[in-house]
Structure formats: structure tokens, C-alpha cells
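Below, each chain spelled out in residue letters.
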Amino acid sequence: NKYTFMILNVKNETSRLKSVVLGMPNSMGQPHSLEDSYDAKSYHSLQNGIYPSESDIVYEMTEFEKVLKKYDVEVYRPSLIKDYNQVFARDVAFVIDDQMIISNIIEDRYDEQDAFRKIFARVGWKKIINLPETAHIEGGDVIPWNDFIFIGTSYDRDYRSFKTARTNEYAIEILKEYFPKKRIIDLDLKKSDTDPYSGILHLDCTFNPIGHDKCIIYKEGFVDESDYRLLLDIF
């Protein structure tokens, strides 16, 4: 029932999934203008006239939800905001072990957090970490893997000029304080606001653990080859 608190337990990306938050594609509104686009893939698809239709996204996510439910995964949905892109739920909040961290997402997406209030209430305030205002992070940059937490960021001196730079050093330092026993590895990602082939939006776009001991990795997504080599060593 709605008064029962969720029991959070996320150690990695590949263990048995019991429940998940799935975004809402049902009222996306009109596509942004190029100037207002806030990620390179959207910019590129708008520029080339291939921005996906709402009906296509609704179909894809409905089919995905059917698969989740087929395997007895409990699916939570945020409240619907009219004419608003709510597809990517992962960035708004994420879980490490038994703690939910509410992201400080970019201003363009701020209203999305409001739609999660009923889900946050199910978690309970004792299990929620609210970051300071200047600690910026989005869930797509955070990949827990047992004793490790991999975090994508940008150490470019022009960090603030990139709309696609969503996670900063301050947020990483705070996560180190909350999870002192984890080995937190920060990975410097290439950034571009307009070309999806020369920049990486989030860490999960260039690196993903799979199974028990393997990963999918895109070498060119990292600023330093040493970060790529470190991941090879770990896996």
C-alpha cells in the first residue's frame, strides 16, 4: 500500500531488478529550438530533421514496461507534466546501497523533480540525500559496481560553458563523504553541446558494466586514455 516505505538496495547495475522508476513520454510538447536544446543528440537530431515523434517514444517505452512487468518488476512512474520531456528518469535521482541521492539537475530540467514527489515520499526522508545547491550531478554519470562507484565528470576549464557538463567535482567530493568505504573513481569525459560524435553526455553513454565481471566501453569517450586503461584493469 502507499504507506509502505520502499526498501532500497542497489549494489550494482546488473543484480536482479525488483522495482524501477520509468519516465513518462506521454506529453512531450513541441521539440526545442536549436538554441534551447540542452544535449548534443537532441541538437543533432533537430538539425537533421530526425527528432523522434512522441508516438514512437510512447510505443518504445510501453513495450519496455511490458518486458519489465513480464519479469515481475514493480514499475513506478512520475506524475505527468504537460508538454514536458520526462523520458529520462535516471538523471533526476539515483540510489547507491540504501540511500537515494536527489540530483541537482540543470535548470532546464528542474520541474522534473517535482513530478517525483510521490516516489520520494515512498522512500522516506531518512534515506534521502539532498546535495548542496552548488553540487551538480545527474544519475547518468553515476554507476555503482559493488565496492566501486564510477562517476563521469568534466575537468575542462570551461566546464560552466557546457550544457552537457552535468556533474562537477564538488558533488564527487560530497559522495566520497557519504560513502567512505567505496572506491570512487572519477572519469573525465569529452564534452560537446552540438556534436554527439565528439562529446559524451553521461558516463552511462560510454561505459556500462554487464553480467558479473564484464563491461561495454567506448574508448574515445574519455579525455585521458589512462581512465580507459584503468577500467580495463578493473574489469
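Residues numbered from 1 in each chain as written. Predicted model: local features only at pLDDT ≥ 70, side-chain atom pairs only at ≥ 80, totals over all residues. Heavy atoms only, no water.

Enquirer: Would you explain the packing of aromatic side chains in this entry?
Expert: Aromatic rings in a pair are described by how distant their centres are and how their planes are angled relative to each other. Following the criterion strictly, the structure yields seven aromatic pairs and no others. Relative to Phe 148, the ring of Trp 145 lies with its centre 5.9 Å away and its plane at 40°, an arrangement referred to as tilted. Exposure remark for Trp 145: the relative accessible area of 10% places this residue in the buried category. Arranged with centres 5.1 Å apart and planes meeting at 80°, the rings of Phe 150 and Phe 207 form a pair that is edge-to-face. With Phe 150 in strand E7 (residues 148-153) and Phe 207 in strand E9 (residues 207-210), this pair connects stretches of sequence that are 57 residues apart. Each member of the pair Phe 150 and Phe 207 is classed as buried. Here the aromatic residues Trp 145, Phe 148, Phe 150, Phe 207 and Phe 235 are joined through ring pairs into a cluster of three or more. (Phe/Tyr/Trp six-rings, centres within 6.5 Å; stacked < 30°, edge-to-face > 60°. Buried < 20%, exposed > 50% of the residue type's maximum accessible area, 1.4 Å probe, protein only. Helix = DSSP H or I, 4+ residues; strand = E, 2+ residues; numbered from the N terminus.)

Enquirer: Which parts of the structure should I look at to understand the sheet that holds strand E8 (residues 183-188)?
Expert: The pairing of strands in a sheet comes from backbone hydrogen bonds and takes either a parallel or an antiparallel form. Overall, mixed pairing links the three strands, which are arranged E6-E7-E8 in an open sheet. At either end of the open sheet lies a strand with only one pairing partner, and these are strand E6 (142-145) and E8. In this sheet, neighbouring strand axes are inclined to one another by 20° on average, regardless of whether the strands run parallel or antiparallel. Here E7 pairs with E8 via six bridges, running parallel. Counted as the bridge partner of Gly 152 is Leu 187 from E8. (Pairing = 2+ DSSP bridges. Axes fitted to C-alpha atoms, helices over the stretch in contact; angles between N-to-C directions.)

Enquirer: Help me out: how do you make sense of unusual backbone geometry in this one?
Expert: Excluding glycine, a negative phi dihedral is what most residues carry, and trans is how most peptide bonds are arranged. Within the chain, Asp 72 stands out as a residue other than glycine whose phi angle is a positive 60°. Looking at the element boundaries, Asp 72 is found in the loop between helix H2 (54-70) and strand E2 (74-76). The phi angle at Asn 146 is positive, at roughly 60°, despite the residue not being glycine. Within the element layout of this structure, Asn 146 appears in the loop between E6 and E7.

Enquirer: Where do I start with the sheet that holds strand E5 (residues 128-130) in this structure?
Expert: If you walk across this open sheet you meet the three strands as E3-E4-E5, and the pairing is mixed. Each of the sheet's edge strands pairs with one partner strand only, and the pair in question is strand E3 (93-96) and E5. The average undirected angle you get between the axes of adjacent strands in this sheet is 30°. Inspection of the sheet shows E3 paired to strand E4 (residues 99-102) by four bridges, in the antiparallel sense. Bridged to Phe 94 within E4 is Ile 101.

Enquirer: Explain the side chain of Ser 45 here, please?
Expert: Structurally, Ser 45 is set in helix H1 (residues 40-47). In contact with Ser 45, other than residues within four places in its own chain, are Ile 50 and Tyr 51. (Contact = heavy atoms within 4.5 Å.)

Enquirer: Quick question: what am I supposed to make of the side chain of Asp 188 here?
Expert: Looking at where Asp 188 falls in the secondary structure, it is placed in strand E8. Here Asp 188 occupies a buried position and makes no salt bridge, while the nearest side chain of opposite charge, Lys 191, is found at 8.0 Å. Within polar-contact distance, the side chain of Asp 188 engages the backbone nitrogen of Tyr 155 at 3.0 Å. Leaving out residues up to four positions away in the same chain, Asp 188 has contacts with Thr 153, Ser 154, Tyr 155, Gly 221, Phe 222, Val 223, Asp 224 and Asp 227. (Lys, Arg positive; Asp, Glu negative; His and termini not counted. Salt bridge = Lys/Arg side-chain N within 4 Å of Asp/Glu carboxyl O. Polar contact = N/O pair within 3.5 Å; in protein donor to acceptor, adjacent residues only side chain to side chain.)

Enquirer: I keep staring at helix H6 (residues 225-234) and nothing clicks. Help me out?
Expert: All buried positions along H6 are accounted for by Asp 227, Tyr 228, Leu 231 and Ile 234. Along the axis of H6, the buried residues cluster in a sector spanning 120°; they form a single face. (Arc of directions from axis to C-beta.)

Enquirer: Got a minute to help me understand the pattern of salt bridges in this structure?
Expert: When the charged atoms of two side chains with opposite charge come close together, those side chains can pair. What the rule picks out here adds up to 15 salt bridges. In this structure, Lys 176 and Glu 173 form a salt bridge, with 3.5 Å as the shortest nitrogen-oxygen distance. Linking Lys 176 with Glu 173, this pair stays in helix H5 (residues 169-178), spanning three residues, or about one helical turn. Judged by relative accessible area, Lys 176 falls into the partly exposed class, the value being 33%.

Enquirer: Got a minute to help me understand the pairing of E7 in this structure?
Expert: Counted residue by residue, E7 has six buried out of six residues, so it is predominantly covered. Residue alternation in E7 divides its side chains into two sets, Phe 148, Phe 150 and Gly 152 and Ile 149, Ile 151 and Thr 153, and both sets are buried. What sits between the antiparallel neighbours E6 and E7 is a turn of two residues, in which Asn 146 has the positive phi angle 60°.

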